[in-house]
Amino acid sequence: MTRQRLGLVVHEGRAAAVEAAGIVRRWAVEHSVEVSDIDVWSPDAKDWKHCHRRTAVDEMAAAGHPALIVTVGGDGTFLRGARVAAEDNVPVLGINVGRVGFLTEVEPHEIGSALTAFFAGQVQLDERLMLTLRASRPLEIPEGMQALLRYGRGPLLPPPPLRPGSEPVDGSGVALDVTALNDVVFEKLARDRQASLGVYLDETLFASYSADALVVASPTGSTAYNFAAGGPILSPRLRALVFTPVAPHMVFNRSLVMAADEAVSIRVLEHSGQVAVSVDGQLRGVLNPGDWVTVLPAERPANLVRLRSSHFYSRLRERFSLTDAPAAIADSLPTG
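Residues numbered from 1 in each chain as written. Predicted model: local features only at pLDDT ≥ 70, side-chain atom pairs only at ≥ 80, totals over all residues. Heavy atoms only, no water.

A.B. asks: Would you take a moment to explain the sheet that holds strand β17 (residues 292–297) for this structure?
C.D. replies: Each strand in a sheet pairs with its neighbour through backbone hydrogen bonds, running either in the same direction (parallel) or in the opposite one (antiparallel). The six strands lie next to each other as β7-β6-β17-β14-β9-β10, forming an open sheet whose pairing is antiparallel. The open sheet terminates on both sides in strands that have one partner only, identified here as β7 (174–180) and β10 (204–211). Neighbour to neighbour, the strand axes of the sheet diverge by 25 degrees on average, direction disregarded. The sheet contact formed by strand β6 (residues 131–135) and β7 spans four bridges and is antiparallel. Residue Ala135 lies in a different strand from β7, and its bridge partner there is Val174. (Pairing = 2+ DSSP bridges. Helix = DSSP H or I, 4+ residues; strand = E, 2+ residues; numbered from the N terminus. Axes fitted to C-alpha atoms, helices over the stretch in contact; angles between N-to-C directions.)

A.B. asks: What am I meant to see in the sheet that holds strand β15 (residues 275–279) here?
C.D. replies: Within the open sheet, the six strands sit side by side as β13-β12-β11-β8-β15-β16. Their pairing is antiparallel. The open sheet is flanked by β13 (256–259) and β16 (282–287), the only strands paired with a single partner. Across the sheet, the mean angle from the axis of one strand to that of its neighbour is 20 degrees, orientation sign disregarded. Where strand β11 (residues 213–217) meets strand β12 (residues 240–246), five bridges bridge the pair, whose relative direction is antiparallel.

A.B. asks: In this structure, what is going on with the packing of aromatic side chains? I would like to understand it.
C.D. replies: Geometrically, a pair of aromatic rings is defined through the distance of the ring centres and the angle of the planes. Under the counting rule described, the total for this entry stands at six aromatic pairs. Between Trp27 and Phe119, the ring centres sit 5.7 Å apart and the planes meet at 20 degrees, which makes this aromatic pair stacked. With Trp27 in helix α1 (residues 15–30) and Phe119 in helix α4 (residues 111–119), this residue pair connects regions lying 92 residues apart in the sequence. Accessibility expressed as a relative area gives 7% for Trp27, which makes it buried. Where Phe312 meets Tyr313, the ring centres are 5.0 Å apart and the plane angle is 75 degrees; that geometry is what we call edge-to-face. Taken together through their ring pairs, the aromatic side chains of Trp27, Phe118 and Phe119 make up a single cluster. (Phe/Tyr/Trp six-rings, centres within 6.5 Å; stacked < 30°, edge-to-face > 60°. Buried < 20%, exposed > 50% of the residue type's maximum accessible area, 1.4 Å probe, protein only.)

A.B. asks: Would you take a moment to explain the pattern of salt bridges for this structure?
C.D. replies: Side-chain pairing between opposite charges can occur once the charged atoms of the two side chains come close. This model, assessed by the stated rule, comprises 14 salt bridges. Across the pair Arg83 and Asp280 runs a salt bridge, and its minimum N-O distance is 3.1 Å. Taken as a pair, Arg83 in helix α3 (residues 75–87) and Asp280 in the loop between β15 and β16 lie far apart in primary sequence, 197 residues in all. For Arg83, a relative accessible area of 5% corresponds to the buried category. With a relative accessible area of 9%, Asp280 lands in the buried category. One continuous salt-bridge network, built from bridges that share partners, spans Asp39, Arg54, Glu59 and Arg80. (Salt bridge = Lys/Arg side-chain N within 4 Å of Asp/Glu carboxyl O.)

Encoded structure:
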């Protein structure tokens, strides 16, 4: 009989995360469940070419293809775990030791009961749309970017490889082996140069933007950078994409919400500065003038483990500390 196995992604920079991960490991020993550490890199690595961080496919293979991915940290750690889990179509369970914890489900005191419920088949799965990319060419990260960015979560991830069997056909570009749960962001690389980008919606030019950045988000990611940039919040039940420009130098500065099958393509215009492509907050490549990238739904969704029914709007109100208008509060009080 094959032993059960879980994969563990831990924010090692937080003492609370390391402590909570210890609870996971002790539970696993007591219940004969194997644990594989995921997203491990060499602390001596100088850049992505020499670090030990792996793609999501390689992480799952190295971990022995666990039945569950457990993340211990905040939403950033959860996003990494969700992208890894999606490669094998396995669920992801988030343990919250971060500041916001919008995506994570479980508090440290619930770890034992949550793991027991999962392996007993007594949890709910919350399916979420994920994003993937096609591009005019494979993405590259220029030399020296690691030293400039100084990521707090260790070395940069490598540029995404091509999806197996992806060959350019009639200018359709190549499929990149990468997924995003939140968003894909196209951002100017130089402070003194705007990003000049043509935006194609469903293969038709919508507008050319000069902006600090353009955000293409999933419904899950609508509460992240998209929301901070003034975009709308979408129900996570929707199959949709939301496009939001950041500080555009034009009159039309509104977001657009599209059906998931209406892909968004971004083309860097001929005299634009270089443009950084970030996937769930991680730099994955730099575009030059003439390059293009299409954002479209991934083949597989993310499956988030829930111990209880997900009340999205209650969570939204709580996490964003929403308050009622004073006049509305006054109008709700009984008279007399």
